[in-house]
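What follows is the residue order along each chain.
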Amino acid sequence: REGIIFSAKPNQIKIFNEKKISKDINKKNQIRFLQSSLQSVKDNELEIDRIFDLEKFASHFAIIDLMDGYHAVGDNSIYYLNPVTNLIEPITREYNSLRYSDGQPNVEKLMIDLYQGEGAGWAFANKLFNNNEFVEQYLIKLSRLSDKQYLDEFFEEIDEDLNIQTNIIYKDDPFYKFPKEYLYERQNQIIKRLNQDLTIIANIDENNNAIYHIQFKNNSVFPIELINIFSSNRNFESLLNNVILPGNEISLSFDL
């Protein structure tokens with residue numbers, strides 16, 4: 001559906017073809033809605049899930065992690081305001097991603113590392129990563145894209161189209177080679193990154209009434225869910241449903 005396309009820098013929203021589309025009263029109203037909504041999110045007056053499509057941004061960020069395409073985020077990002085849902089969607093594009101001239105890819109940080117916490121880079125990205133539902137969807141998408149079977153099936157599905165496109169490239173660059181193996185390497189790096197540093201530090205205090213006070217601190221960059229706590233001899237067990245955000249801590253008390 002035809003809608004507004006725009007970019008967003010720290011203190012400026014650029015509407016593509018604004019003069020032209022402003023002649024349409026419906027488009028003009030959409031521009032006003034977009035501007036006021038983004039300002040409300042920025043001022044913490046509106047939750048980000050009221051104006052951003054969380055699932056599509058989760059896929060968008062996971063694809064960027066897989067493609068090592070971080071030049072496509074922040075000021076270089078382009079967005080679309082869906083006039084049906086009134087939600088902002090990312091326009092995902094390749095931008096200086098994997099190529100042999102840059103050498104072997106190396107995942108030192110993922111999107112969640114780059115844009116987590118207040119003042120961390122692009123303002124709307126860090127607000128997304130402060131939203132528990134978004135982080136959960138992002139990690140699910142990232143896990144899916146880092147599965148080898150996913151890429152195997154993807155390349156099998158697009159094989160014919162990929163050959164057509166690379167044949168066009170060969171006309172100007174006969175020695176071009178698509179760095180497919182780099183994508184598989186990125187998958188391995190992402191899996192290792194997801195599985196490291198998932199550490200919780202717990203301090204236990206016991207009072208005279210045999211009540212244990214346990215303080216948990218999450219020292220990783222990923223949210224960690226406490227599902228179950230039990231003693232080694234299984235004399236005590238308690239089911240939990242607590243999520244500890246990165247860098248945060250919670251205190252729980254148990255009567256043994």
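Preceding this section is the structure that the text describes.
Residues numbered from 1 in each chain as written. Predicted model: local features only at pLDDT ≥ 70, side-chain atom pairs only at ≥ 80, totals over all residues. Heavy atoms only, no water.

Caption draft 1: Molecular detail of the packing of helix H3 (residues 54–67) against helix H9 (residues 180–195). Two numbers describe how H3 lies on H9: the axes approach to 8 Å, and their chain directions differ by 115°. The angle between the axes of H3 and H9 places the two elements in the roughly perpendicular class. Every residue of H9 that contacts H3 at Asp 65, Leu 66 and Met 67 is listed here: Leu 183, Arg 186, Gln 187 and Ile 190. Among the residues forming the contact of H3 with H9, the class breakdown is four nonpolar, one polar and two charged. (Axes fitted to C-alpha atoms, helices over the stretch in contact; angles between N-to-C directions. Helix = DSSP H or I, 4+ residues; strand = E, 2+ residues; numbered from the N terminus. Parallel < 35°, antiparallel > 145°, perpendicular 65-115°, else oblique. Contact = heavy atoms within 4.5 Å. Nonpolar A, V, L, I, M, F, W, Y, C, P; charged D, E, K, R; others polar.)

Caption draft 2: Structural context of the pattern of salt bridges. This model, assessed by the stated rule, comprises six salt bridges. Across the salt bridge formed by Glu 89 and Lys 56, the nearest N and O atoms sit 3.3 Å from each other. Residue Glu 89 is found in strand S4 (residues 87–90), and its partner Lys 56 is found in helix H3; the two are separated by 33 residues along the sequence. Taking relative accessible area as the criterion, Lys 56 reaches 40% and is therefore assigned partly exposed. The salt bridge partner of Asp 113 is Arg 193, with a shortest N-O separation of 2.7 Å. Of the two residues, Asp 113 is situated in helix H4 (residues 111–114) and Arg 193 in helix H9; the sequence distance between them amounts to 80 residues. (Salt bridge = Lys/Arg side-chain N within 4 Å of Asp/Glu carboxyl O. Buried < 20%, exposed > 50% of the residue type's maximum accessible area, 1.4 Å probe, protein only.)

Caption draft 3: Region of the structure containing the environment of Glu 89. You can call Glu 89 buried: its relative accessible area is 9%. Once the C-alpha coordinates of Glu 89 and Lys 56 are considered, the two residues, 33 residues apart in sequence, prove to be 6.4 Å apart. Those residues within four positions of Glu 89 in sequence are excluded, and the remaining contacts are Asp 53, Lys 56, Phe 57, Tyr 79, Tyr 80 and Asn 82. Among the polar contacts made by the side chain of Glu 89, one reaches the side chain of Lys 56 at a distance of 3.3 Å. Polar contacts involving the side chain of Glu 89 include one to the side chain of Asn 82, which spans 2.8 Å. (Polar contact = N/O pair within 3.5 Å; in protein donor to acceptor, adjacent residues only side chain to side chain.)

Caption draft 4: Molecular detail of the layout of surface pockets. Computed from the structure, the largest pocket encloses a volume of approximately 520 Å³. Every residue lining the largest pocket is counted, 24 residues in all, and those nearest its centre are Ile 63, Met 67, Phe 154, Phe 178 and Leu 183. Of the residues assigned to the lining of the largest pocket, the class counts are 16 nonpolar, five polar and three charged. If you add up the space inside the second largest pocket, you get close to 220 Å³. Forming the walls of the second largest pocket are Asn 132, Glu 133, Val 135, Glu 136, Leu 139, Pro 223, Ile 224, Glu 225, Val 243 and Leu 245. Those elements that place two or more of their residues in the lining of the second largest pocket are helix H6 (132–145) and strand S7 (224–230). Broken down by element, the residue count for the lining of the second largest pocket peaks at five residues, all from H6. Here the lining of the second largest pocket is built from residues that sort into six nonpolar, one polar and three charged. (1 Å grid on protein atoms, 1.4 Å probe; cavity = no way out; pocket = protein on both sides within 12 Å on 5 of 7 lines; lining within 4 Å. Points joined across faces, edges and corners; volume = space filled by probe spheres on them.)

Caption draft 5: The packing of helix H7 (residues 148–157) against H9, seen in detail. Packing of H7 against H9 brings their axes to within 10 Å, and their N-to-C directions diverge by 155°. Taken together, the axes of H7 and H9 lie roughly antiparallel to each other. The element H7 and its partner H9 pack so that their crossing is right-handed. Listed contacts from H9 to Lys 148, Leu 151, Asp 152 and Phe 155 of H7 are Lys 180, Leu 183, Tyr 184 and Gln 187. (Left-handed = near helix turned anticlockwise from the far one by under 90°.)

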